[in-house]
Amino acid sequence: MPDLNDRIGRWLDHLSDERRLADKTLIAYERDLRQFLRFLTNHLGGAPSLKDIAELTPADFRAFMARRRRDGAQSRSLARGMAGIRSFLKYLEKRGEVNAAASSAIRPPRQARSLPKPVSSRDAIDLTSGDLAMESDAWIEARNAAVLTLLYGCGLRISEALSLTGRTAPKHGAKSMRIIGKGGKERIVPILPVVTEALDDYLRLCPYAVSADSPLFLGARGGPLSPRLIQYAMEKLRGALGLADSATPHALRHSFATHLLAGGGDLRTIQELLGHASLSSTQIYTEIDSKRLLEAYDNAHPRR
């Protein structure tokens, strides 16, 4: 397989130098391609050549995926593996050495939707309280608490919270605010008193002036706040509270929806509050709630 090994080396160099793919991605792509070539060795009765690769049919790729399924590979692994194989074949196609149509004709395996992992209501309150004193500056502690309170109290995406300005931020006593979400879609979000209280605390302590047109949330040097700083703050908070890695800023948005549903909230209303374009995106929270009910039943039933 010397001809193929040469092409593989050049392909990996291309991905690294021109596409700037991460090292982990390159390692995974090469591993998946080598696995495919080992399969072809058995499938074709000998080490595949460049000519053999050029003559592959959709049936050959289906046979490979079927074999991987029998070996226990999940849909996510199969999809990643096919992505690497297609990348290699498309590289060869651009060089005029093969036709990649056969691999492109294979649909990626359908992947099960991964359920969001909300935190409990008690943990959500602890995360947003600002009482853990994780930051050296009180105003930064108040800022982080205000951002996280918006995510849990209003179901905002972190990008939506950080896009607020002095003008668009809810004022003390406000009952609702207007949010521009994904795709420029506008929605009205109700405001709880605890949200405006958290914002008031932050603005009172913030050493920088927040003008009508400037970002509401500022970094330590007065510039726009980076989402990464909120993610890092959340890492420290969940460590202090002993929470799982799934307790991310976005998990607070999931918690907002899950806890509303558990409290009797209407699915259509939750859809509007989250800014989902389709009800099917919101229905995933019914699966979470059902799963939690079954887990509680399994854990609590005396005849389990």
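Conventions adopted
The numbering scheme is per chain: residues are counted from 1 as the chain's sequence reads. Reporting in this predicted model follows two pLDDT cut-offs: at least 70 for local features of residues, and 80 or more for side-chain atom pairs to be given and counted; totals over whole chains, interfaces and linings ignore these cut-offs and use all residues. To obtain the side-chain values, all non-hydrogen atoms of the structure were used and water was disregarded. UniProt positions are given in the numbering used here, feature names are shortened, and annotations may be inferred rather than shown by experiment. The rule is simple: take the accessible area with a 1.4 Å probe, protein chains only, and divide by the maximum for that residue type; under 20% is buried, over 50% is exposed, in between is partly exposed. Whenever a carboxyl oxygen of Asp or Glu lies within 4 Å of a side-chain nitrogen of Lys or Arg, that contact is scored as a salt bridge. Secondary structure elements are defined from DSSP: runs of H or I of at least 4 residues count as helices, runs of E of at least 2 residues count as strands, and each element is numbered from the N terminus. Put simply, buried Ala, Val, Leu, Ile, Met, Phe, Trp, Tyr and Cys residues joined by side-chain atoms within 4.5 Å make one nonpolar core. Two residues form a contact once any of their heavy atoms are found within 4.5 Å.

- Looking up the protein chain in an unreviewed UniProt entry gives the name Tyrosine recombinase XerC, with the organism given as Roseibium algae.
- The protein chain has a UniProt comment under Subunit (unreviewed entry) that states "Forms a cyclic heterotetrameric complex composed of two molecules of XerC and two molecules of XerD."
- Under the heading Sequence similarities (unreviewed entry), UniProt records this for the protein chain: "Belongs to the 'phage' integrase family. XerC subfamily."

**A closer look at the UniProt feature "active site" (unreviewed entry) in the protein chain**
Link 1 in the chain: The feature "active site" (unreviewed entry), as given by UniProt, occupies Arg157, Lys182, His250, Arg253, His276 and Tyr285 in the numbering adopted here.
Link 2 in the chain: Assessed through its relative accessible area of 10%, Arg157 is described here as buried.
Link 3 in the chain: Among the residues examined, His276 registers a relative accessible area of 11% and is labelled buried.

**Describing the pattern of salt bridges**
Link 1 in the chain: For the coordinates displayed, the defined rule picks out 16 salt bridges.
Link 2 in the chain: A salt bridge links Glu55 to Lys51, with the nearest nitrogen and oxygen atoms 2.7 Å apart.
Link 3 in the chain: Among the salt bridges present, the one from Arg187 reaches Glu160, with a minimum N-O distance of 2.7 Å. Taken together, the residues span a long stretch of sequence, with Arg187 in strand 2 (residues 186-190) and Glu160 in helix 9 (residues 158-162) at a distance of 27 residues. Each of the two residues, Arg187 as well as Glu160, counts as buried.
Link 4 in the chain: Connected via shared salt-bridge partners are Arg7, Arg95 and Glu97.

**What about the nonpolar core?**
Link 1 in the chain: Ranked by size, the top nonpolar core spans 45 residues in total, and within it Leu150, Cys154, Leu156, Met177, Tyr202, Phe217 and Leu252 carry the most contacts.
Link 2 in the chain: Taken together, the elements giving at least two residues each to this core come down to helix 7 (121-128), helix 8 (138-154), helix 9, strand 1 (176-180), helix 10 (193-205), helix 11 (227-241), helix 12 (249-262) and helix 13 (267-274).
Link 3 in the chain: If you tally residues by element for this core, the top one is helix 8, at 10 residues.
Link 4 in the chain: When residues no more than four places from it in sequence are discounted, the contact partners of Tyr202 are Trp139, Ala142, Arg143, Ala146, Leu216, Phe217 and Leu218.

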